[in-house]
Amino acid sequence: MGNIKILGGRKLSGSLRIQGSKNAALPMIAASVLHNGKSVLHNCPQIADVGYMTEILNGLGARTWWEGKSLHLDCTHLRYGQIPSVYAEKMRSSIIYLGALLGRFHQSAIAHPGGCVIGARPIDIHLQVLKLLGAHIREKDGMIYASCTQLKGNEYEFPKISVGATQQAILAAVKAQGVTRLHRCAREPEVQWLVRYLNSRGADITGENTGEIVVRGVEQLTDLEYEVPPDRIVAGTYLCAGAITRSKITLENVPVEEMESFLHMYRKMGGQYEVNSGKLLADSRELNRAVTYLETDVYPGFPTDLQSPLMAVLTTVRGVSHIRETIFEDRYKAAEGLQKMGAAIDVNGQDAWIYGGASLRGARLKARELRGGAALVLAGLAASGETVVEDCEYIERGYEHICEDLSALGGVIRKEE
Ligand code: UD1
């Protein structure tokens, strides 16, 4: 496991280009199995989770390769096979292969992904919607087996809004017979991008920004080259890096229209920004207001993935901030590390109170999960002295080049193997 070492207390400055989106790319990779042919994803982030998704495909007989930042997927000779626990455990979102492979082979099998560090993360809704579309599901010895003679369009209302289960349903419905009507769908940009991606290659899906999605089954899809959109969570994290160091930075390739709730909060805290020909110029020099109350929520609400990075920033803002995490039960893993650095944080169930304004000091910490780990790196940028964040592989699951990116902005940060 590697460590990230940060020498804190430096202002950041300069400009940075935002990477392609992990959460948009992963379902696009899964969707590629629906087509007996080629897919190319330009600007695809070269991160571990993308690697696991392509390894799964390789194991099923696909050919996958990189040309620069473009990921090539040739699923012409894909064959049916089971996805073993080594992948399902490492990467929960591999579960969406279940619906996609069912669409291609009328059968699929994957190891149960199990619990996860930020909460129980059940997959009951994923399985429920597949059943409704005609899949027979059987669970045995830690494996989930799905099969059908033919998936058939149906009507389903999600009992809870879920990004992954909405994507699962779409993937299964694309080549199903007839029309599928999905109610109470997730409206996250990553659902919308999946729909655009599939429609660009011959699928017939509407309503992706309304929560009411209609999928009319088609017989086949076409080859496609597609640009992965920029990552709104990485953009938000780097904006938090500017905020925690009270710096003025420029971010390029930012999906500003997908970041309204976050930018609204940034402004309320005293951050200023303007958007100029695709660039976000963010000035955090006057950022000094605590957040009276903030709830994470489904899109277009405040994203749970930016809750920990924001918490790190709030530890440096004088006054009491109150956060409520409503999406995952156990997503305050970063609080412990921040406390070790001198932050005053009280966590009680889904609520966290941050008594901000104490100066942070460098410490030796452990990343426990992706976004919480990134929050510790941000805190390290603002802390006095040296911070070491151990187990940085968690962080690298979502950030392609976090050390290089923050160094490019003037941070003193490097990775140690
Ligand atoms: C996706 C994102 C993740 C983000 C999350 C919420 C990817 C790869 N990951 O995760 O970064 O934090 O959306 O925006 O895109 N649930 C059930 N049963 C199910 C499915 C979900 O109870 O079958 C619950 C979950 O435990 C959670 C809530 O629904 O409490 C929302 O989860 P969901 O939207 O499904 O998150 P993911 O798709 O796993």
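Residues numbered from 1 in each chain as written. Predicted model: local features only at pLDDT ≥ 70, side-chain atom pairs only at ≥ 80, totals over all residues. Heavy atoms only, no water.

### What to know about the packing of helix 11 (residues 333-340) against helix 12 (residues 370-382)
Thought 1: For the pair helix 11 and helix 12, interaxial distance at closest approach is 8 Å and the crossing angle is 20°. By the angle class used here, helix 11 and helix 12 are roughly parallel. Crossing hand, helix 11 versus helix 12: right-handed. Across the interface between the two elements, Ala334, Gly337 and Leu338 of helix 11 pack against Gly372, Ala375, Leu376 and Ala379 of helix 12.
Thought 2: Considering only residue class, the contact of helix 11 with helix 12 consists of five nonpolar, two polar and no charged. (Axes fitted to C-alpha atoms, helices over the stretch in contact; angles between N-to-C directions. Helix = DSSP H or I, 4+ residues; strand = E, 2+ residues; numbered from the N terminus. Parallel < 35°, antiparallel > 145°, perpendicular 65-115°, else oblique. Left-handed = near helix turned anticlockwise from the far one by under 90°. Contact = heavy atoms within 4.5 Å. Nonpolar A, V, L, I, M, F, W, Y, C, P; charged D, E, K, R; others polar.)

### Observations regarding the domain arrangement of the protein
Thought 1: As far as domains go, the protein holds domain 1 (3-18 + 230-416) and domain 2 (25-226).
Thought 2: The C-alpha centroid of domain 2 is placed 31 Å from the C-alpha centroid of domain 1.
Thought 3: In this assembly, 18 residues from domain 1 lie in contact with 22 residues from domain 2.
Thought 4: Roughly 1,600 Å² is buried in total at the junction of domain 1 and domain 2, and carbon and sulfur atoms are behind 50% of that figure.
Thought 5: Broken down residue by residue, the surface that domain 1 buries against domain 2 is led by Tyr299, Arg397 and Glu400, which jointly contribute 39%.
Thought 6: Taken together, domain 1 and domain 2 are joined by three salt bridges.
Thought 7: Among the ionic pairs, Arg232 bridges to Glu190, the shortest N-O distance being 2.8 Å.
Thought 8: The tally of links between domain 1 and domain 2 comes to seven residue pairs in polar contact (both at pLDDT 80 or more).
Thought 9: Partitioned by chemical class, the residues of the side of domain 1 that touches domain 2 number five nonpolar, two polar and eleven charged. (Domains from an automatic or database assignment. Buried area = accessible area lost by both parts, 1.4 Å probe. Salt bridge = Lys/Arg side-chain N within 4 Å of Asp/Glu carboxyl O. Polar contact = N/O pair within 3.5 Å; in protein donor to acceptor, adjacent residues only side chain to side chain.)

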